[in-house]
Amino acid sequence: MAAAGCAVLSAAVSALINLLTASWSWWVFAVAAALLFVWAAVAYTGEKDQRG
């Protein structure tokens with residue numbers, strides 16, 4: 001049951017992202033992807049520092 005719920009939630013999120021980004025140009029998408037990568041790297045580094 002949980003797996004089915006996750007699959008439905010994933011499909012809904014994917015459809016929403018597709019609708020929100022349908023009119024974006026490629027450079028906007030590239031900037032958003034770069035910012036997401038930087039954010040993930042900073043979060044990873046912060047966790048690594050806390051663990052020691």
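Every value quoted in this text rests on a predicted model; they were computed, and no experiment measured them.

### Quick word on the overall build of the protein chain
Each helix and strand in the protein chain was counted, giving 2 helices and 0 strands. Relative to the globule expectation of 10 Å for 52 residues, the C-alpha radius of gyration of the protein chain, 16 Å, shows a markedly less compact shape. The principal-axis extents of the C-alpha atoms in the protein chain amount to approximately 40 × 40 × 10 Å. When the accessible surface of the protein chain is totalled, it reaches about 4800 Å², and 75% of it is carbon and sulfur.

### Observations regarding the packing of aromatic side chains
For the structure on display, the rule yields 1 aromatic pair. With 6.1 Å between their ring centres and 90° between their planes, Trp26 and Phe29 make a pair best called edge-to-face. Separated by 3 residues within a single helix, Trp26 and Phe29 lie in helix H2 (residues 26–51), roughly one turn from each other.

### Things to note about a nonpolar patch on the surface
A cluster of nonpolar residues, Leu9, Val13 and Ile17, forms a patch on the protein surface that exposes about 270 Å² of accessible area. Position of Ile17 among the secondary structure elements: in helix H1 (residues 2–21).

### Considerations on the environment of Ala4
Tracing the chain through its elements places Ala4 in helix H1. Separated by 31 residues in sequence, Ala4 and Leu35 place their C-alpha atoms 31 Å apart.

Calculation criteria
- Residues numbered from 1 in each chain as written.
- Predicted model: local features only at pLDDT ≥ 70, side-chain atom pairs only at ≥ 80, totals over all residues.
- Heavy atoms only, no water.
- Helix = DSSP H or I, 4+ residues; strand = E, 2+ residues; numbered from the N terminus.
- Rg over C-alpha atoms; globule rule 2.2 N^0.38 Å.
- Areas by Shrake-Rupley, 256 points an atom, 1.4 Å probe, with all protein chains shown as cover.
- Phe/Tyr/Trp six-rings, centres within 6.5 Å; stacked < 30°, edge-to-face > 60°.
- Patch = residues over 30% accessible without salt bridge, like charges linked within 9 Å, V, L, I, M, F, W, Y side chains within 5 Å.
- Salt bridge = Lys/Arg side-chain N within 4 Å of Asp/Glu carboxyl O.

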